Amino acid sequence: MVPVTRPDLFRDQPVLTGELVRLEQLTETVLPDYLTALADPEVRRLTGSHLPVDPAGAEQWLSSRSQQHDRADWAVLRRSDGAFLGEAVLNDYDPDNASANYRILLAGPQVFGRGYGTEVTRLVLDYALDVAGLHRVSLGVFDFNPRARRVYEKCGFQLEGRLRHALRGDGHWHDEMVMSVLSTDPRPAS
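Trainee: A description of the overall build of the chain should follow, citing residues and the corresponding values.
Mentor: Scanning the chain for helices and strands turns up 5 helices and 8 strands. Starting at the N terminus, the α and β elements of the chain follow one another as β-β-α-α-α-β-β-β-α-β-α-β-β. A compact globule built from 190 residues would reach a C-alpha radius of gyration of about 16 Å, and the chain, at 16 Å, matches this within 12%. Principal-axis analysis of the C-alpha atoms gives the chain an extent of 45 × 35 × 30 Å. Contacts spanning at least 24 positions in sequence make up 65% of the contacts within the chain whose residues lie at least 6 apart. Element-wise, carbon and sulfur atoms account for 49% of the exposed surface of the chain, whose accessible area totals about 9,800 Å². Charge centroids of the chain, computed over 21 positive and 27 negative side chains, lie 5 Å from each other.

Written as structure tokens, this is what we have:
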């Protein structure tokens, strides 16, 4: 596949739908649930967040997502009732190398372990590699989050390396594991 070179690759960000979730453009309509998720102690720990989130800044940021065509920001919604489950993002898009970074935030322990993260990751990878034409999608995951690492491996990500002592949290240094999947890699079936 020829590398993608369009700087506005994500201008027409699609809705992605699975059995459990629907991914829609992230907007300020999810602000109350978004702020609740970002304030959750376990979410903050898993994402390595140190500073509290400013509600006005978060609202402004959410309202600007549809104007950012070099990235894709999705709200993860439960299909059965539309409940906000988190966000999924393709960012750090490099058109010359047809690559982007992936990150996912689930809204808290009440939605962990239910298959949402796996389905969201598969939907985003299928879009990024098979539709948008990216060659490489990478991510970072902290060493204290083996559940997320298992999800990423299940979806086809491979360990590339380790950033030693990349995060200080809970009074300890933690490593960040760097993982990626290529468009030429086999991806496990759903």
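The discussion continues.
Trainee: Any details on the sheet that holds strand E6 (residues 136–142)? Residues and values, ideally.
Mentor: Within the open sheet, the 8 strands sit side by side as E1-E2-E3-E4-E5-E6-E8-E7. Their pairing is mixed. Bordering the open sheet on either side are strand E1 (16–17) and strand E7 (158–169), each of which pairs with just one other strand. With 2 bridges joining them, E1 and strand E2 (residues 21–25) adopt antiparallel strand pairing. Across the sheet, the residue bridging to Leu-16 is Leu-23, located in E2. Running over the sheet, helix H1 (residues 31–39) touches strand E4 (84–94) and strand E5 (99–106) and is turned about 80 degrees from E4.

Analysis parameters
Here the residue numbering is sequential within each chain, running from 1 through the sequence in written order. Confidence filtering applies because this is a predicted model: local features only for residues at pLDDT of at least 70, side-chain atom pairs given and counted only at 80 or more, and all residues used for totals across whole chains, interfaces and linings. Side-chain measures here rest on the full set of heavy atoms in the structure, leaving out hydrogens and waters. Strands are runs of DSSP state E lasting at least two residues, helices are runs of H or I lasting at least four, and both sets are numbered from the N terminus onward. Only C-alpha atoms enter the radius of gyration, while the globule expectation follows 2.2 Å times N to the 0.38, with N the number of residues. We call two residues in contact whenever any of their non-hydrogen atoms come within 4.5 Å of each other. Here, Shrake-Rupley sampling with a 1.4 Å probe gives the accessible areas, and only protein chains in the shown set may cover a residue. The charged-residue count follows a simple rule in which Lys and Arg add positive charge and Asp and Glu add negative charge, with His and chain termini not counted at all. Taken as the charge centre is NZ of Lys, CZ of Arg, CG of Asp or CD of Glu, depending on the residue. Any two strands between which DSSP finds at least two bridges are classified as paired. Angles run from 0 to 180 degrees between N-to-C directions of axes, and those axes are lines fitted to C-alpha atoms, restricted for helices to the stretch in contact.

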